[in-house]
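Overview (structure and organization)
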Amino acid sequence: MLLFVSPVGSPCSRSCAALAGARLSGGRPRLRRPARVTITCDARESQTVPSFSSLDKYGGDKRASNPNVVPATSPFVDGIKSVAVGKYGTRPLPEELVPLLLASLKSVPGGADVVEPHPDYLRRAAFLGALFVKASILSHEAPLLAACAAPAWVAGPDRGPGTCTAGEVLAFACVGEATLPSDESAALRGSPLWAFALALLAGEPLDASAAERLGGLLYSTLSPAVQPYALPLKCLIAHVMRIRHESSAELIGLNRAITAQTVAPVLSGPSAATRRVIQLAEPFDGVRACGSELLTPLLADRLAARHDAAVVLGVGASGGPKYGPNLETVCAALGVPAVTDASLLPGTVSSLSQRDAAPGVAAWTPLRRAILKRPALATLEKYVGVMPQPAPDAPAPGAGVLFVGSAFHQSYVSKMQDVAEAAGYVGYVIVQRGAEGSIGAAISARAPAQVLVGRRCRSLSPSDGSPSLETTYEHRSFTVGLSSAGFDDFDIAALIATRERLAKTATSVDRNVALLRDWKQSLQRRAADVSDEQALFNARVRTTFVYLDAAVSWAYGATDEVLPLDAKL
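This section reports on the structure supplied with the text. (Residues numbered from 1 in each chain as written. Predicted model: local features only at pLDDT ≥ 70, side-chain atom pairs only at ≥ 80, totals over all residues. Heavy atoms only, no water.)

Let us look at empty space enclosed by the protein. The full count for this structure, using the stated rule, is 4 cavities of 30 Å³ or more. In this model, the largest cavity occupies a volume close to 80 Å³. Lining of the largest cavity is provided by Leu-218, Tyr-219, Ala-238, Met-241, Glu-246, Leu-254, Trp-364, Pro-375, Ala-376 and Leu-377. A per-class count over the lining of the largest cavity returns 9 nonpolar, no polar and 1 charged. (1 Å grid on protein atoms, 1.4 Å probe; cavity = no way out; pocket = protein on both sides within 12 Å on 5 of 7 lines; lining within 4 Å. Points joined across faces, edges and corners; volume = space filled by probe spheres on them. Nonpolar A, V, L, I, M, F, W, Y, C, P; charged D, E, K, R; others polar.)

A full pass over the atoms with the stated rule returns 8 aromatic pairs. Aromatic side chains Trp-153 and Trp-194 sit 5.4 Å apart centroid to centroid with 40° between the ring planes, which places their arrangement in the tilted category. Taken together, the positions of Trp-153 in the loop between helix 5 (142-146) and helix 6 (166-175) and Trp-194 in helix 8 (residues 192-201) put the pair 41 residues apart, joining distant regions of the chain. On the basis of an interplanar angle of 15° and a centroid distance of 4.3 Å, the ring pair of Tyr-383 and Phe-403 is categorised as stacked. Residue Tyr-383 is found in the loop between helix 17 (377-380) and strand 4 (400-407), and its partner Phe-403 is found in strand 4; the two are separated by 20 residues along the sequence. An aromatic cluster of three or more residues is present, and its members are Tyr-383, Phe-403 and Tyr-425. The ring of Trp-153 has Arg-189 lying over it, and the distance from NZ or CZ to the ring centre is 4.1 Å. Above the ring of Tyr-412, the side-chain terminus of Lys-415 is found at 5.0 Å from the ring centroid. (Phe/Tyr/Trp six-rings, centres within 6.5 Å; stacked < 30°, edge-to-face > 60°. Helix = DSSP H or I, 4+ residues; strand = E, 2+ residues; numbered from the N terminus. Lys NZ or Arg CZ within 6 Å of the ring centre and 35° of its normal.)

Let us now look at the pairing of strand 5 (residues 427-432). Regular strands show a simple pattern: their side chains alternate between the two faces of the sheet. Extensive coverage of strand 5 is indicated by the burial of 6 of its 6 residues. Side-chain alternation along strand 5 places Gly-427, Val-429 and Val-431 on one buried face and Tyr-428, Ile-430 and Gln-432 on a second face that is also buried. Pairing between strand 4 and strand 5: 6 bridges, direction parallel. Among the inter-strand pairings, Leu-402 is bridged to a residue of strand 5, identified as Gly-427. In this region the chain leaves strand 4, passes through helix 18 (residues 411-423) and returns to the parallel neighbour strand 5; the handedness of that crossover is right-handed. (Buried < 20%, exposed > 50% of the residue type's maximum accessible area, 1.4 Å probe, protein only. Pairing = 2+ DSSP bridges. Right-handed = clockwise from strand over helix to strand, strands pointing away.)

Below, the structure is given as structure tokens:
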């Protein structure tokens, strides 16, 4: 990458690091709390999804590099947006939408007998699954489930009088009102995917082992007898798990299934005990608004140089619901090289494509675009990368794979922590409240970035206190806002005003790349000669450097002195 004058892997000059507000002093930094300023702006463009005919087999849009595309409207789109929101699907379905959905349930074009099913065939399954498991079924919602009634498919629990059973919902999602031959019906009922869908509709939780078996089905091609109905079942399962909130055990099991199918570089042999790799992962659906551009290539270069690590950027096509610039399109524009076993050298930055490393996961991209809401894969695809390995007997400090990612919702921070520890990373950094859910800082005084960092260590023997062979993790959490990066209240107010103005405009890949390339040079200019957009970008870089420098240094063995004052055990 040609982001800096210095080559990739070489440290930035001290003067530039100081200008970026990035390097923490050797002593405990005196970081101030952010001022309390409320930000009420956001970019809310209408974001929709491409039809199946416009997607390649891996979900890439064949018509444009920036797929801000609008599909045909559908009652199922409105239904999913209504019923699949709120805690455990608590929001009621608008009454005026019910007649449209009743008519659409029985008129879905395309199904199991076509090569490329219509998106509404998948949306119908996702909608029915979300409706069946929502917190409560209201009287005006019950007719939608009653329309699925079919005595031949009765199985599992129902949702009260005037509804139907879980088995009837599954059958209607797969075949509508059609009647299957007895042999096809028996094959469908006897399939493991059907059994998992029935259990999830019944509210049964999965342990990690069961979730791993389910993941093996979700991310692979099933037997010919079941394959025609696999897509609606998969979409229904994804939505049901999302509505009832996947547990840590379920996410761990699904991630194990993904890992088992991933083809990626592995740290093994002598390199496993000495080499540092950082897996840097952003949300694949990217960002939309000016002022939220991705900082990731700059962060990667800095981490590679400061920590003598090979940084790998996980990239892939957006599964929605946003379709702005993402890390894949930005890395392509910058010419970031693809990772290989031989390229995992200290001080380097490379990218790992999801479609190459995990084609079974990439095949979900068009499904996710059709069913709108983010399933568990929106979290788990961030872990597709260089394989973490068990801790060597005598590893060098920090040797192994360190995971650095972000969580969109607070409830997923601890779950991502559990997945990272179960996967065996040497450490992890999980950022919440970044710009549009990314790792990069948001311009907000009201909601500073929250950072959770963990590192692997040897547990102590309870008998004599000596190190045992078992490993455990210790962790810290802290917050960093704009004032922590040295901005005073006047600076913060000016940055927020700029953000409010710019956020009304959609960003682009070209704009994101231009800001990345101009970052270092802009630090040398007078403030009057730096555009408002670049100044906002630079402030975000400066703030992000503060918390990533602290977190990654601690994950690699530094003492608590590198952390902000509010760091907690």
